[in-house]
Amino acid sequence: VKTKTLEIPEGRNKEGCSHDGKKWKTLEHKGPLFPPEYEPLPENVSFYYNGEHVQLSPATEEVATFYAKMLEHEYTTKEVFQKNFFADWREEMTDEERGLIRSLSKCDFREIHQYFLDQAEKRKAMTKEEKRQKEAQKLLTEEYSFCTLDGHREKIGNFRVEPPGLFRGRGEHPKMGKLKKRIQPEDITINCSKDSKIPAPPAGHRWKKVQHDDTVTWLVSWVENVQGSIKYIMLNPSSKLKGEKDWQKYEIARKLKLKVDAIRSEYRRDWKSREMKKRQRGVAIYFIDKLALRAGNEKEEGETADTVGCCSLRVEHITLHEQLDGLEHVVEFDFLGKDSIRYYNKVPVEKRVLKNLKLFMENKNPDDDLFDRINTTYLNKTLQDSMKGLTAKVFRTYNASTTLQDQLNRLTSSDMSVEEKILAYNRANRAVAILCNHQRAAPKTFEKSMQNLQEKIELKEKLLETAKKELKEAKNQYRQNKTDKLKKLVEQKEKVVERLKEQLKKLRLQMTDREENKVIALGTSKLNYLDPRISVAWCKKFGVPIEKIYNKTQRDKFAWAIDMTDEDFQF
DNA sequence: GTCCAGACTTGACAGCAGTGAG
DNA sequence: CTCACTGCTGTCAAGTCTGGAC
C-alpha cells in the first residue's frame, strides 16, 4: 500500500528528529574489510639509486610502489608533492636505507612503474576462470556489505578500510604526497549494540576499542594520519536511516520557502543598520541566498588548500564596478571554492549592497577578510532565530529545489515527446548546477564524440534527402498510374521519411544536450540538492518513466520519494 | 567568545563494466 | 568478436555544523 504522506516514524517528532538523540535500538555488523597485505615485488623488478640496483626492505619498498604507480601523473612533478613524499618515505626506511637514499632525483622507479603497467595489462586479459574467481571473491565480501539496524538488513556505504597510499589533496594542497599509512585493527573503533555479535578482529589482532553508542550512526571509525581527521564506515544512502534524514532536509528547505520573504526583508533592513556587524551579516546572507554560496568556515592556514566560502571571502576575491557590460552596480567574484573549483561570476546587485561592500573594503589589504566582523557560527545563530533548523546550507537546498521546480513548470508541456521532455529536464537540472557552480573537467573524449555525433547527423541528413527524393518519385509515379501497389509504395516511403526525421531530431537534441553539458556536472545537484519528489511528480504528471531520470542507485536512494509522491506535488 | 573534536553531508573524479557499432 | 564509448559506482577528500571545554 502506497502512502501519500510519509508516516512519522515512532519516537520521532514531525521533523523526523529523535527526541532523545538515539539513532538506533540495535546494531549488528561484521566490522570492516581490510585491504590485502603488501606483496613484495618479484626479484626481477628493481629499484635503482644513482643507477645502482638497491634491494629495499619490504616497508620501504611498499611506499616506493605508491610513488612508482603515480609516475605518469602530473602530481609527481610538483615540488610540494615530491618534498612531502620523500620526507615521509625516509621515515619508513631502515637506517641503512636512509643513509644511502638522500635525493629523490637520484631514484629510479621506472622498472617498478612498468611492472604495474604490465600487471594491469594482464588483468585486462583475464580469462573466464579468473573472472569466476573474482565473482566468488565478491560473494565472500558480500557479508561485510550489510548490517542489521533495528532488525532490518541494511546496506553499508563503505565497508572497506582505506588502503595505504600517497595523499592526493585537491588544488594546491600543502600536504600532497604525504604517506597515508596502513590502518591496523589496533587503530579501529567498533560501534555496535551491546547484545549484538561483536565483530571478530583478524587473527592475532585486537580492536582499539569496542563501544555501544546509540547516539551516532557509524559502525566503524579510525583516525587518519595525514590530517588527523576521523574516518567512518556508515550506512548506504538507500538505508532507512539516511533516507529519513534526507527527507527531513528537504522538509526544512520547504519550511524556508514559507519564511523566505520575511528573512529577505530582514537582511535588507540590516543593510542600513548602524552596526557594522549587522550590515556585514545582511550582505553575507544576501550572497548566500542570491548566489547559493557556501557558508565559508575558517580553515587552518597551511594545513589545507586556500579556498573560501561566503564568510571567509577576502577583499582580493571581489571587484566592484559601478558599471560593467551595460549593467549597473556589478560585483565581480573570482575565488577558489570547495575542492579548489573556481567561482567566477559577474553579478548586478542592489545599489545599497555595492555601497556596503565599498565600506567593508575601506582601509583593508587584499588579503584581509571582507566580512571581518562575522563568522559562520554567528550567521547560523542569526538564521536559527528566524527559523528553527535554518542554517546557511539550507539556502542552497531551497534555491536549488525551487529553481528546478520553476524551470520544470516553465519548460515542460504535455505535447512534447519523451525525448524533448528529458531535454527540458536536463536543462532545468543544468540551471541548478550552474547556480551551485557544480563543474566537471570536460570529458577527455569530448571533441571526438562530438565529431562522431556530427558525422552521424550528416549521414542521417543525406539519408533523409534520398528518402525524400524517393518519396517524391513514388508520388509522381502514383499520380500517373494509380495502382494499389504504387499507393502502398508511397505510404511506405512516407513512413521512411517520417522515421528518418524523427531520428534526426533525436540526434540533434542529443547534440545540444551534450554541448550544453560539457563542463557542467549534473550529478551532484541531483543527488544532494534537488528534492526527489519534484522529479517523481514531474515524471508521473508527464508520463516519463522514472528510469529515464534516475538510475538504479538513485532510485534506491530516493525510494522514499518514489513511494510517497503523487503527480500534484510541488516543492 | 574561542577552540577543537566529532559527526555527518557534499563533491569531483578514476576506473570499471556494460553496451552497441562495425 | 573486438573496440570505443558511456554511464555507473566506489573512493576519499573537503566541506558544514554542533556541542563541549575553557
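Please refer to the structure placed before this passage.
The structure presented is a predicted model; accordingly, all values stated were derived computationally and were not measured.

Asks: Outline the sheet that holds strand 3 (residues 52-54), listing residues and values.
Replies: With respect to topology, 3 strands assemble into an open sheet ordered 3-2-4, the strand pairing being antiparallel. Edge positions in the open sheet fall to strand 3 and strand 4 (107-108), since each of these has one partner strand only. Judged from the 2 bridges that link them, strand 2 (residues 47-49) and strand 4 form a sheet pairing that is antiparallel. Residue pairing in the sheet places Tyr48 in a bridge with Asp108 of strand 4.

Asks: Could you give an account of the protein's contact with DNA strand C, with specific residues and numbers?
Replies: The local shell around DNA strand C holds 32 residues, among which Lys231, Gly296, Lys299, Lys448 and Thr553 are the closest. Counting only atoms of DNA strand C within 4 Å of the protein, the sugar-phosphate share comes to 89%. Measuring from a phosphate oxygen of DNA strand C, one finds a side-chain N or O atom of His173 at 3.2 Å. With respect to DNA strand C, the side chain of Thr307 contributes an N or O atom lying 2.9 Å from a phosphate oxygen.

Asks: Got a sec to walk through the packing of helix 10 (residues 392-411) against helix 11 (residues 418-435)? Specific residues and values, please.
Replies: One way to put it is that helix 10 packs onto helix 11 with a least axis distance of 9 Å and a crossing angle of 150°. For the element pair helix 10 / helix 11, the angle class is roughly antiparallel. Seen along the crossing, helix 10 lies across helix 11 with a hand that is right-handed. Together, Asn399, Ala400, Thr403, Leu404, Gln407, Leu408 and Leu411 of helix 10 and Ala424, Tyr425, Arg427, Ala428, Asn429, Ala431, Val432 and Leu435 of helix 11 make up the contact between the two elements. Within the contact of helix 10 with helix 11, the residues separate by chemical class into 10 nonpolar, 4 polar and 1 charged.

Asks: Provide a residue-level description of a positive patch on the surface, including the pertinent values.
Replies: Together, Arg269, Lys272, Lys351, Arg352 and Lys355 give the surface a local cluster of positive charge. Looking at which element gives the most residues to the positive patch, the answer is helix 8 (residues 351-361), with 3 residues. Looking at the secondary structure, you find Arg352 in helix 8.

Parameters at a glance
- Residues numbered from 1 in each chain as written.
- Chains lettered and ligands numbered in written order.
- Predicted model: local features only at pLDDT ≥ 70, side-chain atom pairs only at ≥ 80, totals over all residues.
- Heavy atoms only, no water.
- Pairing = 2+ DSSP bridges.
- Helix = DSSP H or I, 4+ residues; strand = E, 2+ residues; numbered from the N terminus.
- Near = heavy atom within 4 Å.
- Polar contact = N/O pair within 3.5 Å; in protein donor to acceptor, adjacent residues only side chain to side chain.
- Axes fitted to C-alpha atoms, helices over the stretch in contact; angles between N-to-C directions.
- Parallel < 35°, antiparallel > 145°, perpendicular 65-115°, else oblique.
- Left-handed = near helix turned anticlockwise from the far one by under 90°.
- Contact = heavy atoms within 4.5 Å.
- Nonpolar A, V, L, I, M, F, W, Y, C, P; charged D, E, K, R; others polar.
- Patch = residues over 30% accessible without salt bridge, like charges linked within 9 Å, V, L, I, M, F, W, Y side chains within 5 Å.
- Areas by Shrake-Rupley, 256 points an atom, 1.4 Å probe, with all protein chains shown as cover.
- Salt bridge = Lys/Arg side-chain N within 4 Å of Asp/Glu carboxyl O.
- Lys, Arg positive; Asp, Glu negative; His and termini not counted.
- Charge placed at Lys NZ, Arg CZ, Asp CG, Glu CD.

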